[in-house]
Amino acid sequence: MGYVKRRGQRSGPLVALVVVALVGAVLTVVWAASPRDGASREAAAKIQVAASSSPAVTRAGTQSPGKTEGSPTPSPSSKAATKKPAHHSTAAAPAAPPPAGYRRVTFFNDLAQTIWVAATKANAHPLATTGWVLKPGQTININVPGKWGGRFWGRTGCSFNSKGVGHCQSGDCGGRFQCNGSGATPATLAELALGAWGGMDFYDVSMVDGSNLPMYINISHSTTKDQVNSRGCSAGGCTKPVVCPAKMQVKTGGKVVGCTTACAAYGGDAYCCRAKWSGRDHCIPSKWPVDYTKVFKRAEPYAYSYAYDDSATMACRGGCNYKITFGVT
C-alpha cells in the first residue's frame, strides 16, 4: 500500500502470490509515481482513509496534537539520529480498549530526535487529526475505524507557527502540521488496510519511495503470529539504519535527512521500471546494473524495497491492533 503500489516490502513467511492476488482484488487505489521517483507502480491497494470525526488520542507525554515545535537537527545516517533516547517512555496507565468497531494504533519514538507523525487524509470519512508531535521516548495511541486504510509516516526537522504552517526537512506535507495530502519523498511509510478481505488486514513498511526514518510494525490482539518481534527483528534480520550511497543521499543544510531511490538518483528505464523494464515480470532488480534495492532491504528485511516486492505484504486476522515504532533494533 504505498504511493503507486505495490510498494512496501516485508520479509517473513507470507504466501506472496496469494497476498498479491487478495490485495489486488479488494484494494483499488492506483498509487501515483512520487515526485522524486519516476518509477511506475501498479494498482494494488484501496486505501480510502475512513476515520472517525473525533478519533481518541492518548499519550504518555503531555503534548497537545496541535502544539507546534521547534526544529531538531536530524541526520538519519548519524548515530545521534538512531541511538536510543536517554529516557525511554515509562509506561503510563494502560490505555482503555478502543471502542467497538475501532482499532488501536500506537506510535512509539525510540529515537533521540523529535518526530512529527503524519497520516494520509481522504475526502470521504477523513481523519480529524492527521499530525502529532512525538518526542523521544514518547508513546501516542489513536483509535481508527476497523475498515480504515492509509499511511502513516514520520517527519523530521519541522518548525510550525501558531497556525500550524511551516516546513519539515523530510516527509513534509505541504507545509502543514495537520496533513492534508501525501508527504514529500523520501519517507518511510507504514501502510495499513484494515478489514480488507475475509476479515483480514494487510499491512507493511514501505521504502519504495526511499527512507527517512527506521520503522517497524508489531501487531497485537490478534490470532496471527507477529512476523516482526518487539525489537524489530524478523526471520530475515533486524532493523538497522540505512547505509545510503552518496548519490542517493538527500541533504538539507549539509546534513543527510533521507535516502532516495535509485530511480530518483540515477534515472534510467531499468531503475525506474519503465519501457522494457516495466511491470512485475520485467522490473527485476537482480538484473539492474546495480541492485540498489539492497540498500533498503539490508536495513529492513521485512519492508518493501521496490514497487513489486510483494513478499513484504503481511496479513493479520482477528481485529488486530498495531504498534509503529520509529527506531532500530
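That block above? That's the structure.
Residues numbered from 1 in each chain as written. Predicted model: local features only at pLDDT ≥ 70, side-chain atom pairs only at ≥ 80, totals over all residues. Heavy atoms only, no water.

S.K.: Lay out the environment of glutamate 191 in plain terms, naming residues and giving numbers.
M.R.: Relative to the elements of secondary structure, glutamate 191 occurs in strand β9 (residues 189-197). Note on glutamate 191: relative accessible area 0%, which makes it buried. For the pair glutamate 191 and valine 205, spaced 14 residues apart in sequence, the C-alpha to C-alpha distance is 6.3 Å. (Helix = DSSP H or I, 4+ residues; strand = E, 2+ residues; numbered from the N terminus. Buried < 20%, exposed > 50% of the residue type's maximum accessible area, 1.4 Å probe, protein only.)

S.K.: Provide a residue-level description of the nonpolar core, including the pertinent values.
M.R.: In this structure, Phe107, Phe152, Tyr322, Ile324 and Phe326 are the most contacted members of the largest nonpolar core, which totals 53 residues. If you tally residues by element for this core, the top one is strand β11 (residues 215-220), at four residues. Excluding its chain neighbours within four sequence positions, the residues that come into contact with phenylalanine 326 are Phe108, Asn109, Asp110, Leu111, Ile115, Val117, Leu134, Trp153, Gly154, Leu213, Pro214 and Met215. (Core = buried A, V, L, I, M, F, W, Y, C linked by side-chain atoms within 4.5 Å. Contact = heavy atoms within 4.5 Å.)

S.K.: How would you explain the pattern of salt bridges if you had to name every residue and give the values?
M.R.: Side chains that carry opposite charge are capable of pairing whenever their charged atoms lie near each other. Within this structure, the stated rule accounts for four salt bridges. Two residues, aspartate 201 and arginine 103, come together in a salt bridge whose shortest N-O distance is 2.6 Å. In this pair, aspartate 201 sits in strand β10 (residues 200-206) while arginine 103 sits in strand β2 (residues 102-109), placing the two residues 98 residues apart along the sequence. The residues aspartate 201 and arginine 103 share a single accessibility class, namely buried. Aspartate 310 is the salt-bridge partner of arginine 280, the closest N and O atoms lying 2.2 Å from each other. In this pair, arginine 280 is assigned in the loop between α4 (269-272) and α5 (293-297) and aspartate 310 in the loop between α5 and β16 (314-317), connecting sequence segments 30 residues apart. (Salt bridge = Lys/Arg side-chain N within 4 Å of Asp/Glu carboxyl O.)

S.K.: I'd like a rundown of the state of the cysteines, residues and numbers included.
M.R.: Scanning the model with the defined rule gives seven disulfides in all. Across the disulfide from cysteine 263 sits cysteine 272; the S-S distance is 2.0 Å. Disulfide cysteine 263 to cysteine 272: torsion about the S-S bond roughly 95 degrees, handedness right-handed. With a relative accessible area of 6%, cysteine 263 lands in the buried category. Looking at cysteine 272, the relative accessible area reads 1%, which means it is buried. With a sulfur-sulfur separation of 1.8 Å, cysteine 273 is cross-linked through a disulfide to cysteine 283. Note that cysteine 273 is positioned in the loop between α4 and α5 and cysteine 283 in the loop between α4 and α5, a separation of 10 residues in sequence. Taking the relative accessible area as the measure of exposure, cysteine 273 reaches 4% and is therefore buried. The buried category is assigned to cysteine 283, whose relative accessible area is 1%. (Disulfide = S-S within 2.5 Å.)

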